[in-house]
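In case you want the letters, here they are:
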Amino acid sequence: MKILQPAWVHHDEKAIFSIDIHPGGEKFATGGQGNDSGRVVIWNLVPVISEEAEKNKNVPRMLCQMDNHLACVNCVRWSGSGTMLASCADDKLIMIWKKSAGGGSSFGSAKTVEHWRCIATLRGHSGDVLDLAWSPQDQYIASSSVDNTVIIWDAKEFPSIVQVMKGHTGLVKGVAWDPVGKFVASQSDDKTLKIWKTSNFTLFKTVTEPFEECGGTTHILRLSWSPDGQYLVSAHAMNGGGPTAQIIERDGWKCDKDFVGHRKAVTCVRFHNAILQRMAPKTNKSQQYCCLAVGSRDKSLSVWLTALQRPLVVIHDLFQDSILDLSWSHNGYILLACSGDGHVACLQFSAEELGTPLSDDDRNSLYHRMYGKNITLDMNGQTGKDSLIENAELLSASQSKLTAPTLIPQLPQSTPPQAAPKISSIALPSSSPVGIQSSASQDSQRPILKQIETKTADGKRRITPMFIPLNDEADVPTSGSGQFSSSTASKSSIVTVEKVPESVTSISVATNGIGINFENLAAQTAKLDSRLKKVSKQDPPPGRAVLPSDPATTIALHSPEKLSVTIQPVLSGKASPVQGAGIKAIGDYRIQVTNGAVKTGYGPLGKVLVNLMSLPRADKKLWETVIGSPVCSFAVAKRFVLLCSMDGSIRFLDIQNGSPILPVMSLTSPVIHSTFSADCRLGAVLTENCTLRVWDLNEQSIFLSSSCLDIMGTSYATLLHVSDQGIPFVILSNGASFSYSKKLESWLITNSADPIMRHGLMTTKVGSIVRNLKTFPLATVQSFSNFQPVNSRSFMENSNTTWQNEAILSFVENQIKIAETIQSSTEVKHWYLMLGFQLAQHGTEEKIRQVLDNLLGSPFRSASTSASESSILGISKHALLEEILLQLKTQPKWQRIYMEYADQLKRNSGSKGPLPQQCSIDEEMRPIGEAPVEKLQPLDLHHLNETE
């Protein structure tokens, strides 16, 4: 333990009557006497506990000073959320302070670092106000006064009074709120301690026995509840003629225990905010207990643990006058004390001395055992059924059901399109190790025998099988989705079967001018759907077609008697030459690569042939060239051809005439994946030794050079994609996926086996599964996964939901940051809406305000406000704020937050009408970097000096 007494914390040598540490732990407030007025000061806690920060002149000590009270300040208390500070004084007033986003110092304040303004002044007491206490979740605030009353104020609607509780016949010098929220306790000079019910704020119990010998010798009587709600410890009590701090048990309100040892009356007690635990020294079993600090008129301070019969520490003559207030830090081991001599002291403890706090889950479990409810969830605002709708506008909204947003709307089930009568087709299912199989399809594994049979003019029968998708959601079109380079297929495809020679041919088809190539399919992907039954051995007729429902498919076909996929799979991350004739088509261009086609004395050469498919049965040869080393990977785009050879060389050629775009380049190892961006501006390759290169073909320069070694481990890459913005995506064989940020020079985790990500992806469905890397890059990459929990119900069957809510919020906020980094505006919008949905259901007021304040921005906007400050990837922050407010609007417990921010948004935007009932964020979409259309102009105040 260390004792610190910062001499620079003072009120100009005047008394300090109260002290309280901010819930965040970075600052604290003091209240007391100032020069000719009451004074409230907010101090920086960092230089108090850090000698290095104390010596640093750049670290501020005083953050704000408020001299608004007309008389001595008796108490200062932070709200549980830390957003408000309450102060009370001898001027009969209570002031509520809130931090201002900008502007100068408030009236009556000295030079400050932070700006705090008085948002409400509570008038109701007819005498000095001595003590304050916030209720759990900051719904109410209680004040006690020398007018013998305790007033309950509505903290959601200042300065409304909920109840004036009368019953004391003497000065009420202390008030404390039950952490469970059922009772309020007050202590008075009338030698009683009264307990009031919060359900109707009526008197429930009066305790008199421990106080019968007490006199009115103390300025204040600050009592305190234990964090588990089981004990209430009073200030000044007597036992056998000696001063004590009385322990009152919640069970039967028994008064048979007390804390003894102080020589003069106890002025204040304060429990540590957390329930602590440690291993018992003798039994070596975990024990739970509470910690209490006691201050007295004898200028000494004692710290007690309920697990010990003697005090943990006693400090005599800590000050030159009575100890008047105590405060524990919420997240550490710091105790602050203040005295009438105008000084403060800081006590720093260690975990070995006090123990470690219980986690939120363990604390909630304890509350559930004691009180039959989860205090964190039950006390988090009003419940929907018990709250009163205060605004008629919100009545209809509160009756509507809150629904989760979807990135891709679910498509209604319809009858699958029938193939043309002359084409015989089969459904090629996906059994890729990184594929996703719909649960709906698993539930419908049943034989389907019905087929369509037609007869041609010559009397021959043609049988057209029905299309049977493996995934009911997999038939969403993906045109314009960018180009894949992949070793596995993960999507159902419809292809036609034709008789071909024994040599194997690789066919790749692309639509809408964008080539999509799934190379080297694993052999097991040729297995037919288990719902199909073999009904005929008739060979399919010749013919060739690709149905438009699938934009790209790459397969290899043997003779119809032996249908299988035989392209050599990339099972080890190693490059291998293209076998036979590799063919890819894009638009009207058909590119064929044949290794070893030309024999020479120097060795075999590979041939590249490009044809223009101008007629149905006749191709026009555009150009051809030869390559000295076997081609192991090639990619095509609307303007370019990329050829990668086994010797590590790569070539960019013009697709129209075959002329080189760049000189032949060499890498240290052969390429296993090659691809183009959707706009054909960028070309990318990934090599065996994990080298990643992206070139800008328009600028003819390198765009990105990096390595994938950091993410590979024992895996290998199965898919490479590069977006129009130059952001590469890599999917590994173990299901993990990554995206590289050039700005951060780091790989971003887009999918992994992390439990938070697994839980998040399971519980926040984006809608229909779609493979569209151009519009939905993050959702598409995350859909390639083979991660499954050990027990798929393990998340849902866990009765402890607190961690799940926190995990979802953490996941959604990370999704927003990833979408921002990869510049996917559509997904940024979706995940902000998902964040609003989760906050409306499970959020806390502090978290909701944090998100809304970030989107609202500073109220002092001007014409110089940059686009980045008012929008995210071209999406107006205020448009996102409106959408989130519409979600909060459906939950009655957040109605006041909705009305507060809706009003601020209306004033900030300068709108005269109410908040729109519906808001379309799509209307707010602008190109990245473009400023909002409407800007607030500076006010012209020159005319105020003119006279008419």
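Below you will find a few notes about this structure.

The rules behind the values
- Numbers given to residues run from 1 along each chain, matching the order in which its sequence is written.
- With pLDDT at 70 or above as the cut-off, local features in this predicted model cover only qualifying residues; side-chain atom pairs require 80 or more to be listed or tallied, and sums for whole chains, interfaces and linings still use all residues.
- Calculated side-chain values reflect all of the structure's heavy atoms, with hydrogen atoms and water omitted.
- Buried, partly exposed and exposed residues are distinguished by accessible area as a fraction of the type maximum, computed with a 1.4 Å probe on protein chains only: under 20%, between the cut-offs, and over 50%, respectively.
- The helix count covers DSSP runs of H or I at least four residues long, the strand count covers runs of E at least two residues long, and both are numbered beginning at the N terminus.
- One bridge is not enough; two strands pair if DSSP finds at least two bridges between them.
- Throughout, an axis means a line fitted to C-alpha atoms (over the contacting stretch in the case of helices), and angles, computed between N-to-C directions, take values from 0 to 180 degrees.
- Orientation labels follow simple angle bins: below 35 degrees gives roughly parallel, above 145 gives roughly antiparallel, 65 to 115 gives roughly perpendicular, and whatever is left gives oblique.
- Note on convention: near helix rotated counterclockwise from far helix by under a right angle means a left-handed crossing. Clockwise means right-handed.
- Two residues qualify as a contact provided that any one of their heavy atoms is within 4.5 Å of a heavy atom in the partner residue.
- Side-chain classes follow a simple rule in which Ala, Val, Leu, Ile, Met, Phe, Trp, Tyr, Cys and Pro form the nonpolar group, Asp, Glu, Lys and Arg form the charged group, and the remainder, Gly included, forms the polar group.

### Some thoughts on the pairing of strand 22 (residues 266-271)
The buried count for strand 22 comes to six of six residues, which makes it a mostly enclosed element. Relative to strand 25 (residues 291-296), strand 22 runs antiparallel, the two being bridged by five bridges. Within strand 25, the position partnered with Val 269 by the bridge is Val 294.

### Points about the packing of helix 13 (residues 825-842) against helix 16 (residues 877-888)
At a closest axis distance of 9 Å, the pairing of helix 13 and helix 16 adopts a crossing angle of 30°. For the element pair helix 13 / helix 16, the angle class is roughly parallel. For helix 13 against helix 16, the interelement crossing comes out right-handed. Judged by residue contacts, Lys 829, Tyr 832, Leu 833, Gly 836, Phe 837, Leu 839 and Ala 840 of helix 13 engage Leu 880, Glu 883, Ile 884, Gln 887 and Leu 888 from helix 16. Considered class by class, the residues forming the contact of helix 13 with helix 16 number eight nonpolar, two polar and two charged.

### Digging into the packing of helix 13 against helix 14 (residues 845-856)
Contact pair helix 13 / helix 14: the axes reach a minimum separation of 10 Å and the direction vectors enclose 150°. In terms of orientation, helix 13 and helix 14 fall into the roughly antiparallel class. Handedness of the helix 13/helix 14 crossing: left-handed. On the side of helix 13, the interface is formed by Tyr 832, Leu 835 and Leu 839, while helix 14 contributes Lys 847, Ile 848, Val 851, Asn 854 and Leu 855. Looking at the contact of helix 13 with helix 14 residue by residue, the classes come out as six nonpolar, one polar and one charged.

### What about the sheet that holds strand 10 (residues 129-134)?
If you trace the four strands from one edge of the open sheet to the other, you get 10-11-12-13, paired in antiparallel fashion. Of all the strands in the sheet, just strand 10 and strand 13 (161-166) have a single pairing partner and so form its edges. Strand after strand, the sheet turns through a mean of 20° between neighbouring axes, direction not considered. With five bridges joining them, strand 10 and strand 11 (residues 140-145) adopt antiparallel strand pairing. Each bridged residue has a counterpart across the sheet, and for Leu 132 the counterpart in strand 11 is Ser 143.

Taken by themselves, the reported measurements are silent on function.
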